[in-house]
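Summary of the model geometry
Here's the letter readout for the chains.
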Amino acid sequence: QNHLSALLTEELGVSIPAVRVEAACASGGLAVAQACLAINSGQYKTVLVVGVEKMTDLPTKQVSNGLMTAAFHSEQASGLSFVGLYALMARQYLETYSAEERDLAYPAVKNHFHASLNKKAHFSFPISLEQVLQSPLIASPLRLFECSPISDGAAALVLADPEVVKNCLEPVYITASSMVSESLSLESRSGLTEIESTKKAAEKAYQQAGLGPKDLSLLEVHDCFSIAEIIALEDLGVYPRGEGYLGLRNGEVRLGGKQ
């Protein structure tokens with residue numbers, strides 16, 4: 001079902017403007033950004049953002065082929081999968097900086113630890129570094145436990161104009177929301193060890209909020225594959241280029257860490 005906006009209004013029994021937002025792995029974030037834009041423009045006072053995905057009804061191969069339609073067509077034609085694309089980025093990162101293959105395992109260990117504290121997590125149990133390093137190789141240098149699983153999930157968020165929520169006990173405010181798009185293909189990017197759009201979006205958001213990387217106390221970054229999290233920490237300015245893996249190796253970016 002790809003006409004989700006109309007399906008949602010039918011399920012809710014309402015007749016209101018509804019639109020489906022698509023941006024691959026960034027769809028949820030973009031939906032929130034569009035809601036912010038709609039409210040800040042003054043056209044709407046309240047916006048409901050809903051995200052839903054059900055992937056486990058299909059075989060892994062079919063799901064992988066579907067996911068790859070979000071990649072550049074020539075990369076699809078060459079037989080690359082998403083894990084293959086990120087494996088290229090991981091290999092380049094290891095060759096460019098002082099990180100070792102075992103450093104790619106630290107995000108998985110840390111994220112499983114956090115998941116073990118949440119009974120609703122897909123995999124709510126901890127794993128060891130050795131378990132990650134002994135898991136099957138999927139696309140060198142990425143191993144099974146360094147890759148995200150196929151999951152089902154849903155979430156909803158209500159955003160409103162500050163005037164609407166002024167009487168709420170503990171309102172949460174979005175001080176900045178920014179989005180930047182860049183080249184879809186890897187071959188057209190300036191490098192494989194950074195994502196330029198993330199860097200630019202972060203700079204814009206920091207400027208809007210009047211804050212910087214050192215002001216952040218909690219980060220949720222994209223970790224479709226472990227290398228993505230390492231690169232995101234650098235693109236967001238939390239760590240210098242080529243040093244994001246050190247924060248994970250030293251246990252700094254985890255619950256109770258110094259960052």
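Everything below is about the structure printed above this text.
These notes cover the structure that comes with them.

The rules we used
- Residues numbered from 1 in each chain as written.
- Predicted model: local features only at pLDDT ≥ 70, side-chain atom pairs only at ≥ 80, totals over all residues.
- Heavy atoms only, no water.
- Helix = DSSP H or I, 4+ residues; strand = E, 2+ residues; numbered from the N terminus.
- Buried < 20%, exposed > 50% of the residue type's maximum accessible area, 1.4 Å probe, protein only.
- Contact = heavy atoms within 4.5 Å.
- Areas by Shrake-Rupley, 256 points an atom, 1.4 Å probe, with all protein chains shown as cover.
- Lys, Arg positive; Asp, Glu negative; His and termini not counted.
- Charge placed at Lys NZ, Arg CZ, Asp CG, Glu CD.
- Core = buried A, V, L, I, M, F, W, Y, C linked by side-chain atoms within 4.5 Å.
- Patch = residues over 30% accessible without salt bridge, like charges linked within 9 Å, V, L, I, M, F, W, Y side chains within 5 Å.
- Salt bridge = Lys/Arg side-chain N within 4 Å of Asp/Glu carboxyl O.
- Phe/Tyr/Trp six-rings, centres within 6.5 Å; stacked < 30°, edge-to-face > 60°.
- Lys NZ or Arg CZ within 6 Å of the ring centre and 35° of its normal.

1. Let's talk about the overall build of the chain
Assigned secondary structure in the chain consists of 10 helices and four strands. Viewed in the frame of its principal axes, the chain has a C-alpha envelope of about 50 × 40 × 40 Å. Each of the 259 residues in the chain was classed as buried or not, and the buried ones make up 32%. At a minimum sequence separation of 6, the contacts of the chain that also span at least 24 residues come to 60%. As displayed, the chain has an accessible area near 15,900 Å², and 54% of this comes from carbon and sulfur atoms. Distance between charge centroids for the chain: 2 Å, based on 20 positive and 29 negative side chains.

2. As for the environment of L246
Tracing the backbone shows L246 in helix α10 (residues 244–249). Take L246: its relative accessible area is 27%, and that puts it in the partly exposed class. Along the chain, L246 and R189 lie 57 residues apart, while their C-alpha atoms are 25 Å from each other.

3. Examining the nonpolar core
Judged by nonpolar contacts, the single largest core of 41 residues is most densely connected at Y86, Y93, L104, L142, F225, I227 and I230. Listing elements by their share of this core, those giving two or more residues are α5 (82–96), α6 (106–115), α7 (129–133), α8 (196–209), α9 (226–235) and α10. With eight residues, the top contributor of residues to this core is α5. Once residues within four sequence positions are removed from consideration, L104 is found in contact with A90, L94, P141, L142, E146, S226, I227 and I230.

4. Some words on a nonpolar patch on the surface
A contiguous nonpolar patch, built from L8, L12, V14, I16, L48, V50 and V158 and spanning about 580 Å² of accessible area, is present on the exposed surface. Broken down by secondary-structure element, the contributors of at least two residues to the nonpolar patch are α1 (4–12) and β1 (46–54). With respect to the element layout, V158 can be found in strand β4 (residues 152–160).

5. Overview of the packing of aromatic side chains
Per the counting criterion, the structure on display carries four aromatic pairs. Ring geometry for Y93 and Y245: centres 6.4 Å apart, planes at 85 degrees, overall edge-to-face. Of this pair, Y93 sits in helix α5 while Y245 sits in helix α10, and the two are 152 residues apart along the sequence. By relative accessible area, Y93 is classed as buried at 1%. Three or more aromatic residues joined by ring pairs make a cluster, and in this case those are Y93, Y97 and Y245. Here the guanidinium or amino end of R254 rests over the ring plane of F113, the centre of that ring lying 4.4 Å away.

None of the figures reported here should be taken as evidence of function without further support.
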